[in-house]
Structures are given as structure tokens and as C-alpha cells.
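Coordinate analysis (summary)
Take a look at the letters that make up each chain.
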Amino acid sequence: MSQFDFTEKMSGTDGGGHPQSYYYLWHLVALGVIDAEFGPPGDPGDELSASASPTITGTVWDEIGAAFPQAFEPAVVALIDVGVSRLHPNLRTRIDDRSIDLASHRYGAATQPADPVNPHEREQEAPFFAGLDISGLDAIGLGAGDAAFLSALVGELAASKGVVRQLADGDETFGSHGTAAAGLVVGEPAATVTSEDGSGPAAIEPASLATANGETLGINANQGILPYFGVDPFSRLLSIRTSFDTDAEQFIAAFLYAWHCGVDVILLPRGLPDPVRSRVSPKPVLAQEGDLRVNRERAGLFARLADANGEEIAPYATALASDREWTILEKLIVAISRKIPVICAAGNDGESQIIYPAKLAAPDNGVVAVGAVTPRGLRSGFSNYGMGLTLVAPADDSEVFNRHQLRRDKTHPAASTDYFDPGRGKIVPYSPFALVTTDLPGIYGYEAGSPPRSARVPPFAEPGTGGGYYTTFGGTSGASALVAGVAALAARANKARHGPGASLTGVAAKELLAKSSRLATAVRPGTAQLAPDPMNADDEPSKGLPYYFGAGLLDARRVVAEVLTS
């Protein structure tokens with residue numbers, strides 16, 4: 001079989017409309033966070049049919065604990081997204097108390113459970129940005145006018161007052177995406193102990209669980225709860241909630257707040273609504289040989305993009321903002337990334353160019369552009385790729401139907417009755433695996449759960465209601481969340497070795513992640529080595545593996561080993 005001929009890989013019998021079972025933490029095995037033995041495939045013709053119940057033989061958490069038994073100083077990951085469910089049983093002890101909402105208040109808002117005796121207490125002022133100082137950043141590279149603008153904004157934020165709101169229900173309606181990302185980073189097993197006053201079970205932090213000496217630990221009484229694990233359940237997550245409005249200042253404030261809190265990692269599992277920089281630019285190669293009939297479709301697309309100046313595919317148009325603020329944000333992201341790694345999703349367009357701000361990734365900064373890969377050893381069908389991609393991590397897959405490849409989900413109920421002719425394109429195997437992660441409980445989550453429990457978002461006083469605690473997830477959002485978790489592992493291992501105040505710069509962390517990634521590897525439980533696929537051109541695979549996978553698949557064990565021995 002040639003390097004680019006995948007037809008023989010399709011001989012497995014995973015089709016016929018039968019969903020395939022798989023280990024719910026397979027992605028941690030693929031990353032090297034968990035060591036597991038899967039045994040032989042149940043179907044010799046399908047490499048992904050290995051046991052859904054592997055034997056666990058070790059974890060990187062054990063390695064850090066064995067090297068430094070008393071060192072459990074958590075790393076902190078700032079998640080700039082749409083918010084997180086603080087009530088989720090697998091996240092409750094992992095969410096940093098400094099989490100903030102910049103979508104509903106320009107100077108920040110925090111939420112506390114309402115007092116049952118006086119549930120209508122007025123909101124209180126809180127100076128979230130007090131003492132904000134950016135003098136520790138290297139030269140940001142702004143002109144005199146823009147530098148003065150940023151200085152004034154920093155001064156305004158430092159003197160500002162946000163609010164603390166007391167609510168009967170957590171204000172988490174739109175937090176499904178952030179909750180899913182958070183679980184992949186810091187999800188915990190939700191174990192419990194009997195509370196000191198005997199009133200009932202209380203949540204126990206993973207560090208206490210790992211160091212318990214003969215203490216009786218109980219399984220969470222809620223039967224809907226899984227013993228779930230993110231990449232680093234010993235670290236914490238600082239949620240910085242933002243909207244999709246084209247207001248650059250909320251994102252400037254978000255990055256400044258992450259800097260102000262001294263976090264170890266910044267995760268941005270989405271693009272930014274910059275009216276200019278978020279546009280997909282037509283690549284010059286599209287215009288080549290546009291007069292040939294075989295290229296008529298791409299020639300037409302190039303013409304439409306050029307005529308519309310990107311407007312037809314620009315999804316953001318809700319608020320006005322000067323480009324000055326977006327320019328400041330761009331320079332600020334790069335400057336902060338040199339001090340703190342900024343992990344970004346490469347995008348889910350299947351394009352050979354990555355989205356903004358992931359495309360800011362460069363050797364001299366700490367922006368990490370993350371693509372997605374499947375256990376088939378292939379780029380996920382949706383994952384963006386090309387120049388600037390830093391590395392890849394496991395995620396789900398998507399079907400592809402274009403003239404270059406046919407990638408079909410054979411587990412779909414209609415798979416045995418539908419017929420698709422690949423024509424001159426290649427048949428590329430689809431992966432049925434997805435990332436299982438935490439979901440926003442209740443009706444607004446990805447998986448709403450079962451009625452009547454799913455009828456509402458659970459209030460603070462009754463966190464056991466709501467249902468729908470888990471969902472399948474993926475995209476480069478999921479892949480970037482996994483990479484942020486590995487970056488947290490590196491930061492925590494560094495603190496264990498060098499002391500609680502130790503930190504890795506953004507550039508050093510990025511170099512470590514790239515150095516610990518591999519191109520000559522398989523994505524477990526799969527056995528196929530990483531290989532390119534023809535997505536936007538028949539001859540694209542000739543560009544080589546780095547074009548599709550950057551430095552390759554991240555290996556958490558290599559990351560931790562490097563930190564613990566350096």
C-alpha cells in the first residue's frame with residue numbers, strides 16, 4: 001500500500017450502522033498521561049476495535065508524586081471562553097475563586113450563592129484589577145499613540161470597580177463550550193469524604209485524595225457521576241468569561257486579567273472576532289491555472305472572495321471597534337505569550353491556513369497553534385493545518401465529501417444503504433472516537449439530560465439536579481484544551497522541582513511542548529503512523545508531515561520527564 005492510499009484501511013467491519021465502543025479516557029492514553037494496555041483488537045480488520053476496558057499500568061501524575069511526594073502546588077490555567085459550570089461535580093474544587101465575567105460587566109463580575117435568608121442582597125463592588133501593572137512585560141511594540149492608549153486603559157482598569165452578585169442560580173446559561181474545555185484540562189474524579197460535622201459527604205480535592213493515609217473515601221452518591229479525569233486534575237482553572245461581540249476591549253481586559261492573576265497557562269479554545277484579522281484570506285495558489293475547466297470551482301471561489309474582500313465569510317458584525325484596539329490586542333497577546341504560554345485552537349474549517357489568533361504563532365513567542373488528529377493517524381477532517389501549526393492533539397473526526405477525498409462515518413445508521421462515489425479522490429478512513437468531557441448540566445448543555453431533571457439549570461443549593469453531566473466533544477477546541485492541560489502538567493512539575501514560585505516562560509513552555517511532540521508515532525489505541533491526507537489538493541500530501549501536524553503528536557510523559565530531570 002502506498003503512503004497516501006488508504007483504501008486497504010477500510011476493510012474493517014466497523015460499519016453497518018453499529019456504534020463502536022471505546023475507552024472514555026482514550027485521549028489521555030493517546031497523550032501519554034495514562035499508560036494502558038488495550039489488548040488485541042476484537043476485529044482483526046479494524047485497529048480501533050481494541051478493548052474498551054484497558055488495563056491501566058501507570059500515570060504521569062504518579063511520576064510527579066513519586067519524585068516529589070509533598071509537592072502539590074497547582075498550576076493555574078486561565079480559560080478565555082464563554083464561561084464554565086462551577087457547580088459541576090467534576091469541576092467544583094478545580095475552579096479558581098478569582099474567576100470573572102467580562103461579558104456582562106466591563107470591569108468584571110463574580111457570582112456567589114444567594115443567602116437563603118436574604119436572597120435579594122444588592123450586588124457589591126469589587127476591584128478585580130486593583131494593582132494591575134504591565135511593566136513586567138517586554139516591549140510590546142506599539143507606536144507612541146497606541147502605547148498611550150493602552151496605558152490609559154490599564155489605568156482605567158486598575159482604578160475600576162466590578163461587582164459581586166448573589167444569585168439563587170448560577171449564571172451559567174451559555175457556558176457549555178467552556179465547561180467542556182474545562183473538563184479536559186482539570187476534570188477531577190468527584191470523590192467524597194464524610195464532612196467534619198457529620199452533615200453528609202463533602203467534595204475532596206484530588207491532592208488530598210492522592211495523599212490520603214488510611215482515610216475512608218466514598219464514591220460520589222450521585223449515580224450520574226463518572227470518575228472523570230482531565231489532563232491534570234491537580235491544577236486549577238481560572239474562568240474568564242467573554243462574549244462574541246466585536247468589542248476588542250473585553251479581550252484586552254481578559255488577557256490583562258490573566259496576566260494580573262499570574263496564571264501559568266492561557267487557553268483560548270476559539271477564534272477572536274477581529275473584523276480584519278479573523279477573515280480567511282484567499283490563497284494565491286487558488287488563482288493559478290484558473291482558466292482550466294478542472295479548476296473552475298476554485299477560480300470562482302477566488303473571484304468571489306476577492307470581490308467581496310472576505311465579507312461573505314466574515315461571521316462577526318455586532319459592534320463597532322477601531323482597528324487601533326484590535327492592533328493593541330494583537331501586540332498584547334504576543335507580548336504576554338512570551339511570558340505565559342497562550343494555547344490556541346487552529347480552527348475547524350478544514351483549510352490549509354489557521355485562524356486568528358493561532359496564526360500569530362512564531363518561534364519568538366509563546367503562542368501555540370493546535371490542530372487535531374484521530375486514532376487513525378490522520379488529521380481530523382475539520383482540522384485546519386498548514387504553515388504556522390505548532391503541534392496536534394487527539395480529538396474527534398468529521399466526514400469529508402470533496403473531490404480530493406471521501407471520509408465517511410460507517411457507523412451511521414444509513415451507512416449500509418447510502419452510496420457515495422469517491423470519483424478520483426481518495427477513500428480516507430473515518431474515526432468514530434470523540435472526546436468525552438464535562439457538560440453544562442441542564443437544558444442548556446450539549447446533552448440536556450433526561451426530564452424532569454433537565455428542565456432547568458441546577459441552582460447553587462441543589463447541585464445534584466440538572467442531569468446531562470457529560471458530552472462528546474472535539475474540534476481543535478478540544479485538542480487545544482488537552483494541550484493546555486499538558487502545559488499545566490509541565491508548570492506543576494516545574495513547581496514541584498524548583499519551588500511554588502517557579503514558572504516557565506511562554507517561549508520555554510512552547511519549546512518544551514514542541515520538543516516533546518513526535519511525528520513518527522501512532523495515536524493510541526490506533527496503530528497507524530501519522531500520515532497526510534489530500535484535503536484541498538490531490539498533491540497536498542507531498543508537502544510532508546509537518547504541514548499537517550506541526551511538530552507532531554504531543555507526548556505528556558516526555559514533557560514531564562524533561563521538566564523533572566532538567
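What you are looking at is a predicted structure, and each value in this text was computed from that prediction instead of being measured.

Spatially, 3 strands are ordered β15-β16-β17 in an open sheet, and the strand pairing comes out mixed. The open sheet terminates on both sides in strands that have one partner only, identified here as β15 (400-401) and β17 (426-427). Pairing geometry for strand β16 (residues 405-407) and β17, over 2 bridges, is parallel. The residue bridging Gln405 from the neighbouring strand is Lys426, located in β17.

This brings us to the environment of Ser398. Following the sequence through the fold, Ser398 ends up in the loop between β14 (391-394) and β15. The spatial distance from the C-alpha of Ser398 to the C-alpha of Gly350 is 9.7 Å, given a sequence separation of 48 residues. At 3.1 Å, the side chain of Ser398 forms a polar contact with the backbone nitrogen of Phe382.

Another aspect to go through is unusual backbone geometry. Note on backbone geometry: most residues besides glycine have negative phi, and most peptide bonds are trans. Put simply, Tyr356 and Pro357 share a cis peptide bond, and its omega is 10°. Residue Pro525 is reached from Arg524 by a cis peptide bond, and omega for that bond is 10°. Along the polypeptide, Pro525 turns up in the loop between β20 (517-518) and α11 (545-549). The phi dihedral of Ala190 falls on the positive side, at around 60°, and the residue is not glycine. With respect to the helices, strands and loops of the structure, Ala190 is situated in the loop between α4 (176-186) and β8 (192-194). Note on Ala190: relative accessible area 4%, which makes it buried.

Another aspect to go through is the pattern of salt bridges. Considering all chains together, one arrives at 22 salt bridges under this definition. Ionic pairing is found between Asp232 and Arg492, a salt bridge with its closest N-O pair at 2.8 Å. With Asp232 in the loop between α5 (206-210) and β10 (236-241) and Arg492 in helix α9 (residues 475-498), this pair connects stretches of sequence that are 260 residues apart. For the salt bridge of Arg338 with Asp364, the shortest nitrogen-to-oxygen distance reads 3.8 Å. Taken together, the positions of Arg338 in the loop between α8 (323-337) and β12 (342-345) and Asp364 in the loop between β12 and β13 (367-373) put the pair 26 residues apart, joining distant regions of the chain. For Arg338, a relative accessible area of 26% translates into the label partly exposed. Given the relative accessible area of 47%, Asp364 is considered partly exposed. Via salt bridges that share partners, Asp274, Arg277, Asp323 and Glu330 belong to a single interconnected network.

Our focus in this paragraph is the side chain of Asn90. The residue Asn90 is located in the loop between β3 (76-81) and β4 (100-101) in this model. At 3.1 Å, the side chain of Asn90 forms a polar contact with the backbone oxygen of Leu226. Not counting the four nearest positions on each side in its chain, Asn90 is found in contact with Val186, Gly187, Glu188, Pro189, Ala190, Ile225, Leu226, Tyr228, Thr438 and Tyr470.

Among the nonpolar cores identified, the biggest contains 139 residues, and Val33, Ile240, Phe255, Ile266 and Leu513 are the most heavily contacted of them. Top element by residues in this core is α9. It accounts for 13 residues. Beyond its immediate stretch of four places on either side in the chain, Ile266 contacts Ala78, Ile80, Phe255, Ala258, Ile336, Ile340, Pro341, Val342 and Ile343.

Where helix α3 (residues 144-158) contacts helix α6 (residues 248-260), the two axes come as close as 12 Å, and the packing angle between them is 70°. Considered as vectors, α3 and α6 are oriented roughly perpendicular to each other. In terms of crossing hand, the pair formed by α3 and α6 is right-handed. Of α6, the residues touching α3 (which contributes Phe149, Leu150, Leu153, Val154 and Leu157) are Glu249, Ile252, Ala253 and Leu256. For the contact of α3 with α6, a count of residues per class yields 8 nonpolar, no polar and 1 charged.

The next subject is the environment of Val486. With respect to the helices, strands and loops of the structure, Val486 is situated in helix α9. Along the sequence, Val486 and Ala556 sit 70 residues apart, while their C-alpha atoms lie 5.9 Å from each other. If sequence neighbours within four positions are ignored, Val486 has contacts with Leu31, Val231, Leu513, Leu554, Ala556 and Val559.

As a further point, take the packing of aromatic side chains. Inspection of the entire model under this criterion finds 15 aromatic pairs. Note on Tyr385 and Tyr547: the rings are 5.7 Å apart at their centroids and 80° apart in plane angle, and the pair reads as edge-to-face. Taken together, the positions of Tyr385 in the loop between β13 and β14 and Tyr547 in helix α11 put the pair 162 residues apart, joining distant regions of the chain. Here the two residues Tyr385 and Tyr547 agree in accessibility, since each one is buried.

Further remarks concern the packing of α6 against α8. Two numbers describe how α6 lies on α8: the axes approach to 9 Å, and their chain directions differ by 20°. Taken as axis vectors, α6 and α8 run roughly parallel relative to one another. Here α6 and α8 pass one another in a crossing that is left-handed. In this structure, α6 contributes Ala248, Glu249, Phe251, Ile252, Phe255, Leu256 and Trp259 to the contact, and α8 contributes Glu325, Trp326, Ile328, Leu329, Leu332, Ile333 and Ile336. Broken down by class, the residue content of the contact of α6 with α8 amounts to 12 nonpolar, no polar and 2 charged.

With that settled, the discussion passes to the side chain of Asp533. Mapped onto the elements, Asp533 comes out in the loop between β20 and α11. For Asp533, the side chain forms a polar contact with the side chain of Gln405, separated by 2.6 Å.

About the criteria used
Residues numbered from 1 in each chain as written. Predicted model: local features only at pLDDT ≥ 70, side-chain atom pairs only at ≥ 80, totals over all residues. Heavy atoms only, no water. Pairing = 2+ DSSP bridges. Helix = DSSP H or I, 4+ residues; strand = E, 2+ residues; numbered from the N terminus. Polar contact = N/O pair within 3.5 Å; in protein donor to acceptor, adjacent residues only side chain to side chain. Buried < 20%, exposed > 50% of the residue type's maximum accessible area, 1.4 Å probe, protein only. Salt bridge = Lys/Arg side-chain N within 4 Å of Asp/Glu carboxyl O. Contact = heavy atoms within 4.5 Å. Core = buried A, V, L, I, M, F, W, Y, C linked by side-chain atoms within 4.5 Å. Axes fitted to C-alpha atoms, helices over the stretch in contact; angles between N-to-C directions. Parallel < 35°, antiparallel > 145°, perpendicular 65-115°, else oblique. Left-handed = near helix turned anticlockwise from the far one by under 90°. Nonpolar A, V, L, I, M, F, W, Y, C, P; charged D, E, K, R; others polar. Phe/Tyr/Trp six-rings, centres within 6.5 Å; stacked < 30°, edge-to-face > 60°.

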